[in-house]
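Structural overview
Spelled out from the first residue to the last, the chains are:
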Amino acid sequence: MNSFEIYTPTRILFGADQINVFAERAAQLGKHAFVVLGGGTVEKLGFLQPLAEQLANLGVKLTHFRGIEPNPEAATINRAAAQLKAVGADFVLAVGGGSVMDAAKSIAALAYTGEADIWPFVAGEARAFQLSGALPIAAVPTTAATASEVTPFAVISNREVGGKSIISHEFVKPRLAWLNPSFTQGLSATVTQDGAADIFSHVIENYLLGTDISPLADRYSEAVMSTVFETLPRLLANPHDLQARADLMWASTLALNDYQKAGRAEAEFVLHSIEHSLSAKHPELAHGRGLATLYPAYFRWLLGKDRAQARLAQLGTRLFGVKEGSPAERAERFIQLFEDWLQQNGLLQSLQDLGFNSSEFEGIAEYAVKTYGDGNQLNALGPITRSDIVEIFQRTDRQSLVSR
Ligand code: NZQ
Ligand code: ZN
C-alpha cells in the first residue's frame, strides 16, 4: 500500500433535522453571508427560506446572488465576486448543486485574492493555480452528484472561448456542509441519472488506473458503486424514496473525499478530462451524462489495449457475481452487464444522440490533451492520444438506441 496524506476539513451535518446546528455553525463563519443560488428551483421548492430565517435570527446579514447556470460560467462568477466585494460580505453560502457550489468556491477565492476575472486562474491558462486564498465557505448541496462540498475543485465553463476547466486549492474546501437528502426528492429523473453517473465515475477512475495495492480502497469504492446500482432504479421508480435519496447522497460525498483512493497509486482523471472537454464544446451537456456516454467505449478501448483487464474482471466478479471465465472474459462480461444497467436506467446513448457531430471530435480531443494533458496525450496506464480519444468518441455510436 502506498503512503498518503488526506485533508478533510469539512464539518459534515447529515439529515433534515440539522438545520439549527447548521445555522449556528454557519453564523460562526461571519456576520454577512453572500448566498449563491442557481436558476431558481431551490427557492421555488422552499428550501432556502427556513434557513435564511434561522440565519437572520442569529444576526447574520444575507446578500443573495441568483442565476448561477448549470456548468457555471466564468462571466457570472466574475459578476458575483464584484458584487460580493461591493457589499462587503465575509463568507459565502452555497445552496444548490455542484454548479452553485463550484461558483461559490470560485467567488470566495476571487474576492479574497482581489482579482476581477477567474478564467486566467484555471488549469491550462496563464495564472493557473495562483489564487492566494478564499473567504470561508458553507455548502448546502441539493443534488447527489459532485461531492463539491468536500473537494478542493471548482469546475468553471467559459462559453465565449469554448472552455471548461478547473481550479484546485485546499482553501476552497468548504468549512461546513449540510446534507439534507429530502432536498433531493424533487430532482428530475434526468438530473438524478446524471448525478448517479458522476458518483460512479469518482470511484471508478482511480479504481481502474491506480493499481490493486489498496484492497480496502477497492472494497470502499465497490460499496459506492453498489449503492449507485441499487438506488438509481429505485429512485426512477419512486423519486420520493427517502432512504434511497439518503443512501445516494451520502455515496456522493464518500465518492470523492479522497478515501476512495487512499493507498493506491495516483493516476489521471481521464474520463473527467475528456468529459469536461465535451461540455466545453456543448455547455448544455450535463457532466454525468457525458461520463455515462464515455464509459462503455472507454472501458472497451482500455481492454483493447490490454490495460486494466484484471480491474475490470474484478468488478465483474464483485459487482455482478461473474465467476466463470478468463480475466479477459470476465472483464468483457462486466462491460456488457454494466452497459445493460446503463440502458435499463436511461443512461445509454451515443455522442451523436447528444447532438455531437463527428466533425467536432478532433477539436475536442485537442482541447483535452492541451488543457488536461501534456499537449499531446493523456495518461491511462500508458498514452491516450488525440486519435485514441477520437476513436473512443466514434465508438460511442454502437451505444445509440436511436435507429438512423
Ligand atoms: O439551477 P437550478 O434552478 O437550481 O436547477 C438545478 C440545475 O438545473 C437543478 N437542481 C439542483 N438542485 C435541485 C435541482 N432541481 C430540483 N431539486 C433540487 N434539489 O439541477 C440542475 C443541475 O444542477 P447542477 O448543479 O448543474 O448539477 P450537478 O450537481 O451535477 O453539478 C454539475 C457541475 O459540477 C461539476 C460539473 O463539471 C458541473 O459543472 N463538477 C464538480 C466537481 C467538484 N467541484 O469537485 C467534481 C465533478 O466531477 C464535476 O466535474
Ligand atoms: Zn465528476
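Model, not experiment: these values are computed from the prediction.

A few words on the nonpolar core. In terms of nonpolar packing, the biggest core is built from 69 residues, with Leu208, Tyr295, Tyr298, Phe299 and Ile384 touching the most fellow members. Here the element with the most residues in this core is helix α10 (residues 287-304); it accounts for ten residues. Of the domains in this structure, domain 1 (11-184) and domain 2 (189-403) are the two that each give at least three residues to this core. Formed by 34 residues, the second largest nonpolar core is a distinct cluster that contains Leu84, Ile107, Leu131 and Val172.

At Ala147, a residue that is not glycine, the phi angle is positive and equals roughly 65°. If you trace the backbone, Ala147 turns up in the loop between β5 (137-141) and β6 (153-158). The buried category is assigned to Ala147, whose relative accessible area is 0%.

Turning to its location among the elements, Thr63 is positioned in strand β3 (residues 61-65). Relative accessible area serves as the criterion here: at 13%, Thr63 is assigned to the buried category. Only 2.7 Å separates the side chain of Thr63 from the side chain of His32, close enough to count as a polar contact. Non-local contacts of Thr63, meaning those with residues more than four positions away in its chain, are made with His32, Ala33, Phe34, Val35, Gln83 and Val87.

The next point concerns helix α7 (residues 215-237). Between the first and last C-alpha of α7 there are 34 Å, a value that for 23 residues agrees with the 33 Å anticipated at 1.5 Å per step. Among the residues of α7, those classed as buried are Ala217, Asp218, Ser221, Glu222, Val224, Met225, Val228, Phe229, Thr231, Leu232 and Leu235. Of the surrounding elements, those touching the buried residues of α7 are α6 (189-209), α8 (242-254), α11 (309-320) and α12 (327-344).

What follows deals with the domain arrangement of the protein chain. Looking at the assigned domains, one finds that the protein chain contains domain 1 (11-184) and domain 2 (189-403). A separation of 27 Å is found between the C-alpha centroids of domain 1 and domain 2. Each partner contributes residues to the interface: domain 1 has 28 residues there, and domain 2 has 26 residues. The tally of links between domain 1 and domain 2 comes to zero salt bridges. Looking at the side of domain 1 that touches domain 2, the elements that each hand over two or more residues are β1 (11-14), β6 and β7 (163-168). If you tally residues by element for the side of domain 1 that touches domain 2, the top one is β7, at four residues.

Quick look at empty space enclosed by the protein now. Evaluated as defined, the whole model comprises one cavity of 30 Å³ or more. Of the pockets and cavities examined, the largest cavity occupies roughly 30 Å³. The wall of the largest cavity is formed by Tyr7, Thr8, Val150, Thr151, Pro152, Lys173, Leu256, Asn257 and Asp258. Broken down by class, the residue content of the lining of the largest cavity amounts to four nonpolar, three polar and two charged. Two domains each put at least three residues into the lining of the largest cavity: domain 1 (11-184) and domain 2 (189-403).

As a structural note, the neighbourhood of ligand 1 is formed by 32 residues, with Thr41, Ser99, Asp102, Thr143 and Thr151 the closest of them. A distance of 2.7 Å is found between an oxygen atom of ligand 1 and a side-chain nitrogen or oxygen belonging to Thr143. Within the side chain of His202, an N or O atom sits 2.8 Å from an oxygen atom of ligand 1. The element best represented in the shell around ligand 1 is helix α5 (residues 98-113), accounting for four residues. Considered class by class, the residues forming the shell around ligand 1 number ten nonpolar, 18 polar and four charged. Here the shell around ligand 1 spans two domains, since at least three of its residues come from each of domain 1 (11-184) and domain 2 (189-403).

Turning our eyes to something else, we now look at the sheet that holds β5. One open sheet accounts for six strands, arranged β1-β8-β5-β4-β2-β3; its pairing is parallel. For this open sheet the edge positions go to β1 and β3, each flanked by a neighbour on one side alone. Averaged over all adjacent pairs, the angle separating strand axes in this sheet is 20°, with direction ignored. The pairing of β5 with strand β8 (residues 176-179) spans two bridges and is classified as parallel. Its bridge partner lying in β8, Ala139 is registered against Ala177. Packing of α5 onto the sheet brings it into contact with β2 (32-37), β4 (91-96) and β5, and relative to β4 it is tilted by some 170°.

In a packed pair of helices, the relevant descriptors are the angle between the two axes and the axis-to-axis distance. Following both chains from N to C, one finds α6 and α10 inclined at 40°, their axes separated by 7 Å at the closest point. Where α6 crosses over α10, the two elements pack in a sense that is left-handed. In this structure, α6 uses Thr190, Gln193, Asp194, Ala197, Asp198, Phe200, Ser201, His202, Ile204, Leu208 and Leu209 to contact α10, whose residues at the interface are His287, Gly288, Arg289, Leu291, Ala292, Tyr295, Tyr298, Phe299 and Leu302. Taken together, the residues that form the contact of α6 with α10 break down as eleven nonpolar, six polar and three charged.

Conventions adopted
Residues numbered from 1 in each chain as written. Chains lettered and ligands numbered in written order. Predicted model: local features only at pLDDT ≥ 70, side-chain atom pairs only at ≥ 80, totals over all residues. Heavy atoms only, no water. Core = buried A, V, L, I, M, F, W, Y, C linked by side-chain atoms within 4.5 Å. Buried < 20%, exposed > 50% of the residue type's maximum accessible area, 1.4 Å probe, protein only. Helix = DSSP H or I, 4+ residues; strand = E, 2+ residues; numbered from the N terminus. Domains from an automatic or database assignment. Polar contact = N/O pair within 3.5 Å; in protein donor to acceptor, adjacent residues only side chain to side chain. Contact = heavy atoms within 4.5 Å. Expected span 1.5 Å × (residues − 1). Salt bridge = Lys/Arg side-chain N within 4 Å of Asp/Glu carboxyl O. 1 Å grid on protein atoms, 1.4 Å probe; cavity = no way out; pocket = protein on both sides within 12 Å on 5 of 7 lines; lining within 4 Å. Points joined across faces, edges and corners; volume = space filled by probe spheres on them. Nonpolar A, V, L, I, M, F, W, Y, C, P; charged D, E, K, R; others polar. Near = heavy atom within 4 Å. Pairing = 2+ DSSP bridges. Axes fitted to C-alpha atoms, helices over the stretch in contact; angles between N-to-C directions. Left-handed = near helix turned anticlockwise from the far one by under 90°.

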